[in-house]
Amino acid sequence: MVKAAHIIMDSETLHMSRLRSVDCAAENTLHKQINRLQCQSSVASLMERNGCLEPKDIGVVGMPNSDTRGSHDETIQPATVYESTTDGNISNLRTEIVADGSAGFPREHQEGEPYKCQRQNNDRSLQDIFELQELFDDEDDDDSDWEPSQNGIISKKWFCTNCIMPNFEDVLHCDVCGEYKESEIVRHGFFASHFARGVNTHSESEELVTYQAHVGTSTRETALGNCTAVGFDERMLLHSEGEMKSHPHPERPDRLRAIIASLATAGIFPGKCFPIPAREITQDELLKVHSLEHIKSVELTSSMMSSYFTPDTYANEHSAHAARLAAGLCADLASEIMSGHAKNGFALVRPPGHHAGITQAMGFCLHNNAAVAVLAARVAGAKKVLIVDWDVHHGNGTQEIFDGDRSVLYISLHRHEEGRFYPGTGAADEVGIMGAEGYSVNVPWKCGGVGDDDYVFAFQHIVLPIASEFSPDLIVISAGFDAARGDPLGGCDVTPAGFGQMTNMLSGLCHGKLLVILEGGYNLRSISTSVTAVIKVLLGESSGCQMGGIVPSKQGLRTVMEVLKVQVKFWPILESSYNSLLPQWEALSFRAKNIQLNLARMLAARSKRG
């Protein structure tokens, strides 16, 4: 059911949607908390577990209530745009876009009717992190480890280029990730020094060929059949929040800048990869994925300098164009791979897409790039397509789009925490609908800190057996790198070698026809090293780190066993994995029960003595 999209133009609502400045006390509390946690705990761990920061990628707006979380048939809320007009004035009118996409007559706000920007359903944004002081323990109230500024002068702060976390002015290295205050990671990529300006052991080559020149001089004939194609266009860098609020937005242009700088310095792109020219996706192509109302609501932002679909899903006057370019590149890469002009490809695109559903932009995502690529591949001859989504957040939009489609198998590995981690969907029992049960496979991690062993273990026992049985013609990877070690939102521990290994494991299917599409990932060093590791596997220069003796964590094993128990009904090939792992799981469960029993006895004995 398609609902109307609304444009809210009200000074109060705009003010509420912005990330407000924090006071000195709150900043100090966060500073001490992060300093204690170091990199073992992300910013997300400072929040209540029902939001976990990512606003529908970061910010988590529209977090479902506990009684509706995980429901696939709940009504999708209309996209809401909070507008700041180009002349700086704020109108007090609310305008509706009716079902046919045309603007309706302005109407007054009705008494008792909530403004759309009022936070609903326990929404969480970056601002909430700074205001949730009750999450900190009593130790945070101890001011003995810092001295107030003299003469009432408030200490200034700077935001880390690498991870966007705040630091006091007199600190030279980020308390969270250790990055140097004046890091040149955006210029040099991960070759930039952690500790000073400039590079580490690698220096930039003389005058690397620019991307545009490489497009002009490369010939398709030299790349036919045995190349890795890369999709990138610098105009996607124009998509930005614009005016910085109290905290930089994680989904920022520097993400792509750091990746491109890393690949250029390494001589990978431009150089070893074949670039494809960018084009804008057409409305007809988008209509295969999204509703007309959704498409028009995104296009409407072209006339606004600053707008929001949710309090943390922003757009500016360039965002709609960037979203069309991103989707167009993904569609053309899929076609190139299916036609044999490229053996595989990587779409270095933004804004990301896997949270965007049929009718709604959310979680930093405007158009669903992976879904567009799948349908382009279908036009190019693919009968069956596998989507593997390893972004730390569940791709609720992608799952919604293909939920009843047996020609598309969607497998997602994500942090879930029983629905408390954004977006709250993606439980193991969400398996598909309308005769396509078993074609949605969710591996929902129960906690943060999940690393290489757990992911590779899940690939060995769930992903590869099901994928082999499905036998796809093309694999699309929704490659979010926010599960990477050091990411400020994900709180997990996957290394570049881990991402490379997962890519290598998938490359053995469907003759290596892989399309990797960039989704999330907000630590510049982590995302650029991980993307480089994946592209090296695509180029055949690396087979990934051959990991022997994979030992999952207890929670990782528990998740895998629960998924196997659900999916074995649809994929009998999983029965052997389930039976082989059952003794190991029962032994762990028995040991845990004994520990609990002994603990209970000890507490009971202590109670009697007391």
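Quick summary incoming for the structure in this document. Values in this document were obtained by computation on a predicted structure and should not be read as measured data.

So, the overall build of the chain
Summing up its helical and strand segments, the chain has 17 helices and 15 strands in all. In the chain, which comprises 610 residues, the proportion classed as buried is 58%. Residue pairs in contact within the chain that sit at least 24 positions apart in sequence constitute 76% of those at least 6 positions apart. As presented, the chain carries roughly 24,400 Å² of accessible surface, and 51% of it is formed by carbon and sulfur atoms.

Let's talk about the packing of aromatic side chains
All told, the structure shown has eight aromatic pairs when counted by the stated rule. Between Tyr439 and Phe470 the ring centres are 6.1 Å apart and the planes differ by 70 degrees, which places this aromatic pair in the edge-to-face class. With Tyr439 in the loop between strand E12 (408–415) and strand E13 (440–445) and Phe470 in helix H13 (residues 452–470), this pair connects stretches of sequence that are 31 residues apart. Note on Tyr439 and Trp571: the rings are 5.6 Å apart at their centroids and 65 degrees apart in plane angle, and the pair reads as edge-to-face. In this pair, Tyr439 sits in the loop between E12 and E13 while Trp571 sits in the loop between helix H16 (554–567) and helix H17 (575–609), placing the two residues 132 residues apart along the sequence. An identical accessibility class is assigned to Tyr439 and Trp571; each is buried. Ring-pair connections join several aromatic residues into one group, and the members of that group are Trp390, Phe481 and Phe499. Cation over ring: Lys384 sits above Phe470, and NZ or CZ is 5.2 Å from the ring centre.

A few points about the environment of Trp445
By the element assignment, Trp445 lies in strand E13. Among the residues examined, Trp445 registers a relative accessible area of 1% and is labelled buried. Distance in space between the C-alpha atoms of Trp445 and Arg415 is 4.6 Å, their sequence separation being 30 residues. Ignoring any residue separated from it by four or fewer positions in sequence, one finds Trp445 in contact with Leu413, His414, Arg415, His416, Glu417, Val450, Asp454, Tyr455, Ala458, Gly556 and Thr559.

Some details on a nonpolar patch on the surface
Residues Leu599, Met602 and Leu603 make up a contiguous nonpolar surface patch of roughly 280 Å² in combined accessible area. Tracing the sequence through the fold places Met602 in helix H17.

A closer look at helix H14 (residues 496–507)
In this model, H14 (twelve residues) spans 16 Å end to end at C-alpha, consistent with the 16 Å of a helix rising 1.5 Å per residue. Every buried residue belonging to H14 is among Gly498, Phe499, Gly500, Gln501, Met502, Thr503, Met505 and Leu506, and all of these are buried.

So, the pairing of strand E10 (residues 344–347)
Alternating residues of E10 divide into Asn344 and Phe346 and Gly345 and Ala347, and every residue in both groups is buried. Bridge count between strand E6 (residues 228–231) and E10: four bridges; the pairing is parallel. The residue of E10 that forms the bridge with Val230 is Phe346. Bridging between E10 and strand E15 (residues 514–518) involves four bridges; their strand directions are parallel. Looking across to E15, one finds that Asn344 is bridged to Leu514.

Quick notes on the pairing of E13
Counting buried positions over the six residues of E13 gives six, a clear majority of the element. Of the two faces of E13, the one holding Ser440, Asn442 and Pro444 and the one holding Val441, Val443 and Trp445 are both buried throughout.

A look at the pattern of salt bridges
A full pass over the atoms with the stated rule returns 21 salt bridges. The closest approach of N and O atoms between Arg255 and Glu251, which form a salt bridge, is 2.7 Å. Each of the two residues, Arg255 as well as Glu251, counts as buried. Between Arg415 and Glu417 there is a salt bridge; the shortest N-O distance is 2.5 Å.

Description of the state of the cysteines
Overall, the coordinates contain zero disulfides when judged by the stated rule. Summary of cysteine pairing: Cys174 is not part of a disulfide, and the nearest cysteine sulfur, belonging to Cys163, is at 3.6 Å. With a relative accessible area of 5%, Cys174 lands in the buried category. In this structure Cys492 is not part of a disulfide, and its nearest cysteine sulfur, from Cys447, lies 8.0 Å away.

Side note on the side chain of Ser440
Within the secondary structure, Ser440 sits in strand E13. Only 3.1 Å separates the side chain of Ser440 from the side chain of Asp403, close enough to count as a polar contact. Beyond its immediate stretch of four places on either side in the chain, Ser440 contacts Gln399, Asp403, Tyr410, Glu430, Val431, Gly432 and Gln567.

Focus on the sheet that holds E10
Strand order across the open sheet formed by eight strands is E7-E6-E10-E15-E14-E11-E12-E13, with parallel pairing between neighbours. This sheet does not close on itself; its edge strands, each paired only once, are strand E7 (274–276) and E13. Across this sheet, the average inter-strand angle for adjacent strands is 15 degrees, counted without regard to direction. Pairing of strand E11 (residues 385–389) with strand E14 (residues 474–479), which is carried by five bridges, proceeds in the parallel orientation.

Notes on the environment of Leu386
Examined against the element boundaries, Leu386 turns out to sit in strand E11. Separated by 91 residues in the primary sequence, Leu386 and Ile477 place their C-alpha atoms 8.3 Å from one another. Sequence-distant contacts of Leu386, that is, excluding residues within four places in its chain, are made with Leu409, Ile411, Ala467, Phe470, Pro472, Leu474, Ile475 and Val476.

Description of unusual backbone geometry
Following Arg350, the chain continues into Pro351 via a peptide bond in cis, with omega recorded as 0 degrees. Inspection of the secondary structure puts Pro351 in the loop between E10 and helix H11 (369–379). Cis peptide bonds are those with omega within 30 degrees of zero, and the linkage from Tyr422 to Pro423 qualifies with 0 degrees. Tracing the sequence through the fold places Pro423 in the loop between E12 and E13. Here Glu417, not a glycine, exhibits a phi torsion of approximately 55 degrees, which is positive. Among the structural elements, Glu417 can be located in the loop between E12 and E13. According to the relative accessible area criterion, Glu417 is buried, its value standing at 3%. A positive phi angle, close to 55 degrees, is found at Glu418, a residue other than glycine. Tracing the backbone through its elements, the reader meets Glu418 in the loop between E12 and E13.

Remarks on the packing of H13 against H16
Packing of H13 against H16 brings their axes to within 10 Å, and their N-to-C directions diverge by 20 degrees. Comparing the axis directions of H13 and H16 gives the class roughly parallel. Crossing angle aside, the handedness with which H13 passes H16 is right-handed. Contacts between H13 and H16 involve Asp454, Phe457, Ala458, His461 and Ile462 from the former and Gly556, Leu557, Val560, Val563 and Leu564 from the latter. The residue makeup of the contact of H13 with H16, split by class, is seven nonpolar, two polar and one charged.

Reading the values: rules and limits
Residues numbered from 1 in each chain as written. Predicted model: local features only at pLDDT ≥ 70, side-chain atom pairs only at ≥ 80, totals over all residues. Heavy atoms only, no water. Helix = DSSP H or I, 4+ residues; strand = E, 2+ residues; numbered from the N terminus. Buried < 20%, exposed > 50% of the residue type's maximum accessible area, 1.4 Å probe, protein only. Contact = heavy atoms within 4.5 Å. Areas by Shrake-Rupley, 256 points an atom, 1.4 Å probe, with all protein chains shown as cover. Phe/Tyr/Trp six-rings, centres within 6.5 Å; stacked < 30°, edge-to-face > 60°. Lys NZ or Arg CZ within 6 Å of the ring centre and 35° of its normal. Patch = residues over 30% accessible without salt bridge, like charges linked within 9 Å, V, L, I, M, F, W, Y side chains within 5 Å. Salt bridge = Lys/Arg side-chain N within 4 Å of Asp/Glu carboxyl O. Expected span 1.5 Å × (residues − 1). Pairing = 2+ DSSP bridges. Disulfide = S-S within 2.5 Å. Polar contact = N/O pair within 3.5 Å; in protein donor to acceptor, adjacent residues only side chain to side chain. Axes fitted to C-alpha atoms, helices over the stretch in contact; angles between N-to-C directions. Parallel < 35°, antiparallel > 145°, perpendicular 65-115°, else oblique. Left-handed = near helix turned anticlockwise from the far one by under 90°. Nonpolar A, V, L, I, M, F, W, Y, C, P; charged D, E, K, R; others polar.

By themselves these figures say nothing about function.
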